[in-house]
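# Architecture at a glance
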Amino acid sequence: PCGYKLVEAGRGEIGVPPPFAFSPLCPDGDEPAMRSPLGEDDGARFKRGLLIHRLMQTLPDLPPDAREAAARRYLARPGHELTAERQDEIASETMRVLTDPRFSRLFGPNSRAEVEVVGLVTGRALSGRVDRLVIEDDAVWIVDYKTNRPPPVRAEDVPPVYVRQMEAYRAALRAIYPDKAVRCVLLWTDTPALMELPE
C-alpha cells in the first residue's frame with residue numbers, strides 16, 4: 001500500500017524504499033516568529049538557545065558521568081564569549097533536563113540523534129529529520145528540539161504547525177513499528193523543558 005524507509009545515521013536503511021521520488025511534506029500553517037538574534041539582550045538568548053540545542057544533540061552520546069564536564073568544556077571555549085556565570089547557568093539547566101528521571105530514556109543507549117524519516121502519510125510524502133529517536137521494546141519516542149521561541153506552558157497551546165509535524169512523524173513511525181506505541185515529545189531549548197504531546 002505505501003512504501004517507506006527509516007534512515008538512522010551510520011546505520012543504513014531499515015524498511016522498504018519506495019519506487020518513486022519523494023517530495024517533502026510541509027505541514028500547513030505558519031511557524032511562530034523566532035526571537036530576533038539582535039533583540040533587547042543583544043542576542044544572548046538566541047545564542048543560549050543554539051548552545052543548548054547543540055548540547056542536547058551531542059551530550060547523550062557520552063557516558064552519563066562524563067556529560068557535565070564535557071558541557072562545561074564546550075561552553076568555556078573562548079569563541080562563545082560567555083561569562084563564567086552564563087556558562088554555569090546553561091550547563092546547569094541542560095543537565096537538569098538530561099538527568100530528569102522522567103525523561104532519562106530519551107537520552108539513554110537506545111536513543112539516536114539526527115534520524116531521517118521518509119514515508120507516506122495520508123497519501124502525502126514526508127521527508128524530515130527527527131532530532132532524537134528512541135526505540136524500546138514496547139515504544140518509540142520522537143523528540144524534536146524547538147529553539148529560540150517562547151515555549152507554551154501547556155500542550156494544548158503548542159502551535160498547530162508543530163502538532164501536525166509531530167503527528168506526521170508519528171504516523172510514519174507507526175508504519176515501521178506497528179506493534180509499538182509511538183510517543184512524541186517537544187524539547188523547548190528556550191527554557192529548557194520537555195513536553196509530551198498527547199494523541
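It should be noted that the structure appears before, not after, this text.
In this section: the overall build of the protein. Secondary structure assignment for the protein yields four helices and seven strands. Counting from the amino terminus, helix and strand elements in the protein follow one another as β-β-α-α-α-β-β-β-α-β-β. Burial analysis of the protein (199 residues in total) assigns 45% to the buried set. Here the analysis covers contacts within the protein between residues at least 6 apart in sequence; of these, 66% occur between residues at least 24 apart. Counting only carbon and sulfur atoms, one obtains 52% of the accessible surface of the protein, whose full area is about 10,700 Å².

The tally for this structure, following the rule as stated, stands at one aromatic pair. An angle of 50 degrees between the planes, with centres 6.1 Å apart, marks the rings of Tyr162 and Trp188 as tilted. Of this pair, Tyr162 sits in helix 4 (residues 160–176) while Trp188 sits in strand 6 (residues 181–188); the two residues are 26 residues apart in sequence, bridging distant segments of the chain. We note that Tyr162, like Trp188, is buried.

Quick look at the nonpolar core now. Nonpolar side chains in soluble globular proteins tend to end up buried together. Counting residues in each nonpolar core, the largest one holds 26 residues, and the members touching the most others are Met56, Leu75, Leu106, Phe107 and Leu194. Looking at this core, the elements with two or more residues in it are helix 1 (44–58), helix 2 (64–75), helix 3 (84–98), strand 5 (139–146) and strand 6. If you tally residues by element for this core, the top one is helix 3, at five residues. What Leu194 contacts, discounting residues up to four positions off in sequence, is Val97, Phe103, Leu106, Phe107, Val185, Leu186 and Leu187. In this structure, Tyr162, Ala172, Met195 and Leu197 belong to the second largest nonpolar core, which totals 24 residues.

A word on helix 3. Here helix 3 spans 21 Å end to end across 15 residues, near enough to the 21 Å set by a 1.5 Å rise per residue. All buried positions along helix 3 are accounted for by Gln87, Ile90, Ala91, Glu93, Thr94, Met95, Val97 and Leu98.

Within strand 5, eight of the eight residues are buried, which leaves it mostly tucked inside the rest of the structure. What you see with strand 5 is no split at all: Ala139, Trp141, Val143 and Tyr145 on one side and Val140, Ile142, Asp144 and Lys146 on the other are buried throughout. Of the pairings in the sheet, the one linking strand 4 (residues 124–135) to strand 5 comprises four bridges and is antiparallel in character. Bridge pairing in strand 5 places Val134 opposite Trp141. Counted along the chain from strand 4 to the antiparallel partner strand 5, the turn is three residues long. Looking at chain direction, strand 5 and strand 6 are connected through eight bridges and run parallel. Across the sheet, residue Lys146 finds its bridge partner in strand 6, namely Trp188.

All right, on to the packing of helix 2 against helix 3 then. Contact geometry of helix 2 with helix 3 gives a least axis separation of 10 Å together with a crossing angle of 150 degrees. Judged on the interaxial angle alone, helix 3 and helix 2 are roughly antiparallel. You can see that helix 2 and helix 3 cross each other, and the crossing is right-handed. Only Gln87, Asp88, Ile90, Ala91, Ser92, Met95 and Leu98 of helix 3 make contact with helix 2, whose side of the interface consists of Arg67, Glu68, Arg72 and Leu75. Within the contact of helix 2 with helix 3, the residues separate by chemical class into five nonpolar, two polar and four charged.

The side chains of a regular strand alternate between both faces of the sheet. Taken together, the 10 bridges between strand 3 (residues 111–121) and strand 4 define a ladder with antiparallel strand orientation. Paired with Val121 across the strands is Arg124, a residue of strand 4. Between strand 3 and strand 4, which pair antiparallel one after the other, the connecting turn spans two residues, and Thr122 there sits at a positive phi close to 50 degrees.

Conventions we followed
- Residues numbered from 1 in each chain as written.
- Predicted model: local features only at pLDDT ≥ 70, side-chain atom pairs only at ≥ 80, totals over all residues.
- Heavy atoms only, no water.
- Helix = DSSP H or I, 4+ residues; strand = E, 2+ residues; numbered from the N terminus.
- Buried < 20%, exposed > 50% of the residue type's maximum accessible area, 1.4 Å probe, protein only.
- Contact = heavy atoms within 4.5 Å.
- Areas by Shrake-Rupley, 256 points an atom, 1.4 Å probe, with all protein chains shown as cover.
- Phe/Tyr/Trp six-rings, centres within 6.5 Å; stacked < 30°, edge-to-face > 60°.
- Core = buried A, V, L, I, M, F, W, Y, C linked by side-chain atoms within 4.5 Å.
- Expected span 1.5 Å × (residues − 1).
- Pairing = 2+ DSSP bridges.
- Axes fitted to C-alpha atoms, helices over the stretch in contact; angles between N-to-C directions.
- Parallel < 35°, antiparallel > 145°, perpendicular 65-115°, else oblique.
- Left-handed = near helix turned anticlockwise from the far one by under 90°.
- Nonpolar A, V, L, I, M, F, W, Y, C, P; charged D, E, K, R; others polar.

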